[in-house]
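The lines below spell out each chain.
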Amino acid sequence: MGPTRAQFVQYAPAALAVVPLVAGPWSALAAAAAGAGAWALNTSAPALRSLITCGFTATGCGIAAGEVLAAGGNPLLALGLAVPAGAAALAHHRNLAGHMPAALTPATTGAGAGAALGQTSQAQLITAWWKEFISGPTQTEGRTLIQAGANLEHLALDVGADHAAFTGIITLPQGQQVKVRAADIAAVYQIPVSQVELGDPKHYAPNALPVTVHLTMPAAQPQIEAGNPTTPEELWAAYVGVPEGAMPGTSLTVTRYDGPLDWEGIATRDRRAIGTVNLQDLAGNLDLETIQIALAPGEKPSQMGIRVMREHALMHGTMLSSVLGELSMDSRGYVRAGTYVDGRPALVPLAQPGSGARHLYLVGGSRSGKSGLLEQILLSAHRSGIAVVLASPQTGTIAGASLAAHLGDGLDEAMGALRLAYALMVDREARYRSPAFPFTDPLVLVVIDEAHMLLSASSPYHLEAKAIVEQLTRRSLKRGIGVVLATQTPLAEDLGNSTVIRSQLLIGGGAVFLRCARGQGSLVGANAVEGAEGLDLSMIPSQWPGQYAKVADRDMSGLATESAAAPEDGTFGLGYLLTPGSQAVQFRSLHLDVAPVSLAGGEPPAGIEDCDAWRQRDTIAQTPMVDKRGKNLIGSLADLLAAADGAPASQEVVPLHIPGGPHSPTTPTGFAGPGAATGSSDGQELIKPRILELLQEQSIPMTAETIARKLQTPAKRIKPRLSELKKQNKITNENGLWRAV
């Protein structure tokens, strides 16, 4: 069965447009005659399509003749098809090779079925191949389309003397997803996969994906000969900016040069984001140690600062004793934590004036300088008048523990410190109804060292500690209570697999990332942190370059007990600091040339206000706050104090005036008489407005039992009404705590 007129109109113009470029008008006439003859003789559809397809291949003449003969056609017709097909192949070859740049004028037209007549010869060939192998509707017999209907829209050509490329948008009907891969396109156009660029699906609609295909690439730049003196720009162009380099497509502008191992510059990528840089690969490209390179993201995503150091700028450190005036909190709530690689002070927030406290997330393995930074924070809190509740599951690991108002030293005592911190927050919520903390009580820092010992699934306090820390990180800032949480790795299991804890820590303050054990410091994948993408904390070395040789020179004269470690003896405190609204920047914490506790001046630690939670701190620290399933965390101060006293909370009567509510006397059991709940024929409905008014007036979460006690109504009458109010989206329930919307 022969091709239809629509098929002939679709394919014939492509051949007729290509042939005249090289073969001249006589070949064009021959192609037209061959096409008309094929149509008149009812030649098969594959044979007619081969007239067009063969223009892409060097063996097109043989394919055309073979298709005609296989279909039982006249041999003379096969010969007539082969001649113009060969001319089309020559024309296509010369066009792509750049021999006729005048004929390769870029054109931007739609790639629909009706747009072929307005395209250049190259655009028609590209469109024909796309429809033949990828989208259809045409399809060679025995071949499966890559994705039917995945049309190439908005086709644009970019052809120069040394390159040829086209761009477009792969488009599907609404509701479908583009599944065409770069490898599929490379196979169709017979080019390497590296020459096909697909847009990131995360940034585009599922049914529209941009594509760029480089049919021919510019000739490779000559490589720099080994042994010749080279500048940083030449090294960059040869090893870093190349496709297989650490920062492909970038160029380097040197801003300071003091030798091949001491320079600074700015890497730029033309109108494209640089993205995540693998520091190990960059060091390998430049033949340097990782520690000799520092990166600083610029204001534009297409730029990044580079610094190469013969000797690291932070090797000799900044002495704690030299910056005593910067350890106290300034008017913005910041204290000095160390020094950035460019010499600027590295500051972390402990409070936000007018808003409350701030959190701090600290990650660092053994011998990374984590304990020293915690001691430094304790000293800053002491000098700033901030009270500290310290939870240290490992006994005796914090030398500055005496600066804390309350110390939980050991696993059980550390859990008690968490309970006290939660009680203080609930106490302040009960005393202060306004959304913003008025700062009549001192700021409090809840410092949790080795938090994984309390939060991980293997901890005996896992469920209770996780519930308390989640609530602290969510609710404590407005009450002037911040959380400083330290773990050995950024892994989710160190935080009890709680995404809430880490996200709230990062939202509510800053983060410090120090060296971690090998294989446990990657901040990618599930452990990715916005602003610190691509960092691998296990790649921070434990020694500076050249220090290994010094260690090898052993001093056999005996142990000098009076000698002190110098900053260059190790990379303690070297890492990355992430503050709100910025990128992680390399820094080093202060070198403890003197013990922080010795700088406290012998003054007692800042104290916590006199309140019910503080007065009963010893009892509260020993009172579990969740049930055996780890749920239903105690939500009010009255319930908490009742649990600490060992009495059921439901038997305690706390009178509360509710405007418009009943005031009937209570029974000996602590509940109101029958008339309180059934004062009308619709008594159950009257309870719901009272519940809602109570939750709105007190603005703190409560358990069902607490609500029942305050309304002097049995809990069995309250719980169904709570469910009804929740269905009406008037109240919410989180971990057994009810709150007005």
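Numbers given to residues run from 1 along each chain, matching the order in which its sequence is written. Only residues with pLDDT of 70 or above have their local features reported here, since the model is predicted, and side-chain atom pairs are shown and tallied only from 80 upward, although totals for entire chains, interfaces and linings are computed over all residues. Water and hydrogen atoms play no part in the side-chain values, which are based on all heavy atoms of the structure.

Quick word on the overall build of the protein
Working step 1: If you tally the helices and strands in the protein, you get 22 helices and 23 strands.
Working step 2: Here the protein holds 741 residues, and 50% of them are scored as buried.
Working step 3: Residues are treated as being in contact if the distance between any of their heavy atoms lies within 4.5 Å. Counted over contacts in the protein with a minimum sequence separation of 6, partners at least 24 positions apart contribute 64%. Numbered from the N terminus, helices here are DSSP runs of H or I no shorter than four residues, and strands are runs of E no shorter than two. Relative accessibility decides the category of a residue: with a 1.4 Å probe and only protein chains considered, values under 20% of the type maximum give buried, values over 50% give exposed, and everything between is partly exposed.

Focus on the pairing of strand 6 (residues 250-257)
Working step 1: Only strands joined by at least two bridges in the DSSP assignment are considered to pair. Here strand 6 runs beside strand 7 (residues 263-269); their pairing, made up of 7 bridges, is antiparallel. From the neighbouring strand, R256 faces strand 7, where its bridge partner is E264.
Working step 2: The turn joining strand 6 and strand 7, which pair antiparallel and follow one another in sequence, is formed by 5 residues; a positive phi near 125° is taken by G259.

Regarding helix 9 (residues 279-286)
Working step 1: Regarding helix 9, the residues found buried are L279, L282, A283 and L286. The buried residues of helix 9 occupy one face: seen down the axis, they fall within an arc of 100°.
Working step 2: Buried-residue contacts for helix 9 involve helix 8 (232-240), strand 8 (293-297), strand 9 (303-308) and strand 20 (574-578).
Working step 3: Any N or O atom pair separated by 3.5 Å or less is treated as a polar contact, with the protein-specific requirement of one donor-capable and one acceptor-capable atom, and with residues adjacent in sequence counted only for side-chain atom pairs. If you check the start of helix 9, you find a side-chain oxygen 3.2 Å away from the backbone N of D281, and it comes from N278. Note that the arc is computed from the directions linking the helix axis to the C-beta atoms.

Focus: the side chain of E429
Working step 1: Mapped onto the elements of the fold, E429 is located in helix 11 (residues 411-431).
Working step 2: With residues up to four places along the chain from it excluded, the contact list for E429 reads R475, R479, I700 and P701.

Describing unusual backbone geometry
Working step 1: Residue P137 is reached from G136 by a cis peptide bond, and omega for that bond is 10°.
Working step 2: Looking at where P137 falls in the secondary structure, it is placed in the loop between helix 6 (121-135) and strand 2 (151-159).
Working step 3: Despite not being glycine, R367 has its phi angle at roughly 65°, a positive value.
Working step 4: Position of R367 relative to the elements: it lies in the loop between strand 14 (359-363) and helix 10 (370-383).
Working step 5: Overall, the relative accessible area of 62% leaves R367 in the exposed class.
Working step 6: One non-glycine residue with positive phi stands out, namely E450, at about 50°.

A look at the sheet that holds strand 9
Working step 1: Across the sheet, 4 strands lie side by side as 6-7-9-8; this open sheet has antiparallel pairing. On the outer flanks of this sheet lie strand 6 and strand 8, each paired with one strand and no other. If you compare each strand with its neighbour and ignore which way they point, the axes differ by 25° on average.
Working step 2: Of the pairings in the sheet, the one linking strand 8 to strand 9 comprises 5 bridges and is antiparallel in character. Residue pairing across strands places P297 opposite M304, the latter belonging to strand 9.
Working step 3: Every axis corresponds to a line fitted to the C-alpha atoms, with the helix fit spanning only the stretch in contact, and the corresponding angles, defined between N-to-C directions, vary from 0 to 180 degrees. Of the strands in this sheet, strand 6, strand 7 and strand 9 are in contact with helix 8, which crosses strand 6 at around 160°.
Working step 4: Sitting on the sheet, helix 9 is in contact with strand 8 and strand 9, with an inclination near 125° to strand 8.

Thoughts on the sheet that holds strand 17 (residues 444-448)
Working step 1: Spatially, the 10 strands line up as an open sheet ordered 11-10-21-20-19-14-18-17-15-16, and their pairing is mixed. The open sheet terminates on both sides in strands that have one partner only, identified here as strand 11 (345-349) and strand 16 (406-409). Averaged over all adjacent pairs, the angle separating strand axes in this sheet is 25°, with direction ignored.
Working step 2: Looking at chain direction, strand 14 and strand 19 (residues 509-514) are connected through 5 bridges and run parallel.

A word on the pairing of strand 23 (residues 737-740)
Working step 1: Alignment of strand 22 (residues 731-734) against strand 23, held across 4 bridges, turns out to be antiparallel. The partner of T732 across the bridge, within strand 23, is R739.
Working step 2: Adjacent in sequence and paired antiparallel, strand 22 and strand 23 are bridged by 2 residues, among which N735 carries a positive phi angle near 55°.

Quick notes on the nonpolar core
Working step 1: W236, M247, L282, L424, I448, L485 and F513 are the most contacted members of the largest nonpolar core, which has 87 residues in total.
Working step 2: It is helix 11 that contributes the most residues to this core, 11 residues altogether.
Working step 3: Beyond its immediate chain neighbours, meaning those up to four positions away, I448 contacts A391, L418, L454, V469, V483, V484, L485 and A486.
Working step 4: The term nonpolar core refers to a set of buried residues drawn from Ala, Val, Leu, Ile, Met, Phe, Trp, Tyr and Cys, joined through side-chain atoms within 4.5 Å. Core analysis: the second largest hydrophobic core is formed by 40 residues, V323, L350, A486 and L514 among them.

A short note on the packing of aromatic side chains
Working step 1: Pairing of aromatic rings covers Phe, Tyr and the six-membered ring of Trp, with a centre-to-centre limit of 6.5 Å; geometry is then stacked below 30 degrees between planes, edge-to-face above 60, and tilted otherwise. Per the counting criterion, the structure on display carries 4 aromatic pairs.
Working step 2: Geometrically, the ring pair formed by W129 and F133 is edge-to-face, given 5.5 Å between the ring centres and 65° between the ring planes. Separated by 4 residues within a single helix, W129 and F133 lie in helix 6, roughly one turn from each other. Each member of the pair, W129 as well as F133, is classed as buried.
Working step 3: Between Y361 and F513 the ring centres are 6.3 Å apart and the planes differ by 85°, which places this aromatic pair in the edge-to-face class. Linking Y361 in strand 14 with F513 in strand 19, this pair joins segments that are 152 residues apart in sequence.

A short note on the side chain of E609
Working step 1: Within the secondary structure layout, E609 lies in the loop between strand 21 (585-589) and helix 16 (612-615).
Working step 2: Residue E609 is classed as buried on the basis of its relative accessible area of 9%.
Working step 3: Discounting chain neighbours no more than four positions away, the residues touching E609 are R428, R431, D441, P442 and W614.

Quick word on the environment of G356
Working step 1: Residue placement: G356 occurs in strand 13 (residues 356-357).
Working step 2: What makes G356 buried here is its relative accessible area of 0%.
Working step 3: Placed 87 residues apart in sequence, G356 and L443 show a C-alpha to C-alpha distance of 8.0 Å.

Notes on the confidence of the model for the protein
Working step 1: Looking at the protein, pLDDT values average 77 and 72% of them are 70 or higher.
Working step 2: Per-residue confidence from the prediction method is given by pLDDT, with values spanning 0 to 100. Looking at the elements of the protein, mean pLDDT is at its lowest for helix 19 (residues 674-677), recorded as 33, and at its highest for strand 17, recorded as 96.
Working step 3: Confidence over residues 647-683 falls short of pLDDT 50; this stretch has 55 contacts with residues more than four positions distant or in other chains.

Notes on helix 14 (residues 499-507)
Working step 1: Of all the residues in helix 14, the buried ones are V500, I501, R502 and L505.
Working step 2: By the N-cap criterion, in which a side-chain oxygen at the helix start approaches the backbone nitrogen of a residue two or three places on, helix 14 is capped by S498, the distance to V500 being 3.4 Å.

Some remarks on the environment of L155
Working step 1: Looking at the element boundaries, L155 is found in strand 2.
Working step 2: Exposure remark for L155: the relative accessible area of 1% places this residue in the buried category.
Working step 3: Here the alpha-carbon distance between L155 and T127, two residues 28 residues apart in the chain, equals 8.5 Å.

Quick look at the pattern of salt bridges
Working step 1: Note on definitions: salt bridges are taken to be side-chain nitrogens of Lys or Arg within 4 Å of carboxyl oxygens of Asp or Glu. All chains considered together, the criterion is met by 23 salt bridges.
Working step 2: Residue E429 pairs with R475 through a salt bridge whose shortest N-O separation is 2.7 Å. A residue pair is termed long-range when its members are at least 10 positions apart, and E429 in helix 11 and R475 in helix 13 (residues 462-475) qualify at 46 residues. R475 matches E429 in its accessibility class, with the two residues each being buried.
Working step 3: A salt bridge links R431 to D441, with the nearest nitrogen and oxygen atoms 3.0 Å apart. A residue pair is termed long-range when its members are at least 10 positions apart, and R431 in helix 11 and D441 in the loop between helix 11 and strand 17 qualify at 10 residues.
Working step 4: Residue R431 is classed as partly exposed on the basis of its relative accessible area of 35%.
Working step 5: Residue D441 is classed as buried on the basis of its relative accessible area of 11%.
Working step 6: Within the structure, one salt-bridge network assembled from shared partners comprises R256, D258, D262, E264 and R307.

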